[in-house]
Each structure stands twice: as C-alpha cells, then as structure tokens.
Amino acid sequence: MDNNPLIFLSYASPDRDRVLPYYDHLKDKNQRVWMDKHDLVGGQNWDLEIKRALNRASLIVIFISSNSTDRRGYVQREIGLALDRSQEMLTDDIFIIPVLLDGGAAIPEQLSSIQAI
C-alpha cells in the first residue's frame, strides 16, 4: 500500500495535453497522482471511479482555463464535489489548489476565496 497522499487532477477534457506535464512532473517526484486518462480502465463506471478518487484525495488540483470556465459538464461537478469535501476540512487546511492555465481565465466565483497559482 502506498502511504503517499493522493493528488487528484481536475481539468476540462480539451486541456488534457496541457495537464499531462503536471501529471508527469508529480509522478517523477514519486507522488501518488490520480488522472482519468491514466487511472480509468475500459469497462469501469467512470463516474463512480472519479467520485471514489475525489473522496480518497488529500489534495485536489483544479486546472482553470477558458475551456473549464466556459464549459458545462463534469468539470463543474468535480469542482462542486471538491468544495463539498472541503467543508470537512479545517479553515486553514490546504485541500484545493486552483491552477490557472490561461492568464486571462476568470477564477470561478466558488473558488475565488482560494489562492490560485
């Protein structure tokens, strides 16, 4: 069993190629990272597996771009699930880290109180 905390990467599908270097970097640093592209296998109930991974995660990195802020769908659900989980944390726990992929992308209002990088 790997004792490293799990880092969940949340992103809009069109940003996958931009997020992969972050995944690779974290893996190179021996971090335990969950990314749908690498961790979902054929035949799995992807919705259930994503929710399981979000529930096991110690850290959720949310990649923000024009693709994620202008898009309805699963990325918005992941943000909501992450925010729901954050209600279980202490106020000063670092649990969600928004990462701006586009300099001009607006941070979603529900994440505006969390410092983005």
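To keep things clear, this report deals only with the structure shown in the data block. Given the structure is predicted, the values throughout are model-derived calculations rather than measurements.

Notes on the environment of Asp15
In step 1: With respect to the secondary-structure elements, Asp15 resides in the loop between β1 (6-10) and α1 (16-28).
In step 2: The class of Asp15 is buried, set by a relative accessible area of 0%.
In step 3: The spatial distance from the C-alpha of Asp15 to the C-alpha of Asn55 is 23 Å, given a sequence separation of 40 residues.
In step 4: Contacts of Asp15, omitting those with residues within four sequence positions, involve Ser65, Asn67, Ser68 and Leu101.
In step 5: At 2.4 Å, the side chain of Asp15 and the side chain of Ser65 are in polar contact.

Considering unusual backbone geometry
In step 1: Its identity is not glycine, yet Asn30 carries a phi of approximately 60°, on the positive side.
In step 2: Position of Asn30 among the secondary structure elements: in the loop between α1 and β2 (32-34).

Quick look at the sheet that holds strand β4 (residues 96-100)
In step 1: Pairing in this open sheet of 4 strands is parallel, and the strands run β2-β1-β3-β4 from one edge to the other. Both outer strands of the open sheet, β2 and β4, are each paired with one neighbouring strand and no more. With direction set aside, neighbouring strand axes in the sheet form an average angle of 25°.
In step 2: On top of the sheet, helix α3 (residues 46-56) reaches β1, β2 and β3 (59-64); it is set at about 130° to β1, its chief contact.

Notes on the nonpolar core
In step 1: Counting residues in hydrophobic clusters, the biggest one holds 18 residues, and the most contacted among them are Phe8, Trp34, Ile50, Ile60, Ile62, Ile96 and Leu111.
In step 2: If you list the elements that add at least two residues to this core, you get β1, α3, β3 and α5 (74-86).
In step 3: Considering every element that reaches this core, the biggest residue donor is α5, with 4 residues.
In step 4: Beyond its immediate chain neighbours, meaning those up to four positions away, Ile50 contacts Phe8, Trp34, Tyr74 and Glu78.
In step 5: Membership of the second largest hydrophobic core comes to 13 residues, among which are Leu9, Tyr11, Leu20 and Leu59.

Considerations on the layout of surface pockets
In step 1: Considered as a void within the structure, the largest pocket measures approximately 290 Å³ in volume.
In step 2: The wall of the largest pocket is formed by 14 residues, among which Ser86, Thr91, Asp93, Phe95 and Ile114 lie closest to the centre.
In step 3: Among the secondary structure elements, those contributing two or more residues to the lining of the largest pocket are α5 and β4.

What counts as what
Residues numbered from 1 in each chain as written. Predicted model: local features only at pLDDT ≥ 70, side-chain atom pairs only at ≥ 80, totals over all residues. Heavy atoms only, no water. Helix = DSSP H or I, 4+ residues; strand = E, 2+ residues; numbered from the N terminus. Buried < 20%, exposed > 50% of the residue type's maximum accessible area, 1.4 Å probe, protein only. Contact = heavy atoms within 4.5 Å. Polar contact = N/O pair within 3.5 Å; in protein donor to acceptor, adjacent residues only side chain to side chain. Pairing = 2+ DSSP bridges. Axes fitted to C-alpha atoms, helices over the stretch in contact; angles between N-to-C directions. Core = buried A, V, L, I, M, F, W, Y, C linked by side-chain atoms within 4.5 Å. 1 Å grid on protein atoms, 1.4 Å probe; cavity = no way out; pocket = protein on both sides within 12 Å on 5 of 7 lines; lining within 4 Å. Points joined across faces, edges and corners; volume = space filled by probe spheres on them.

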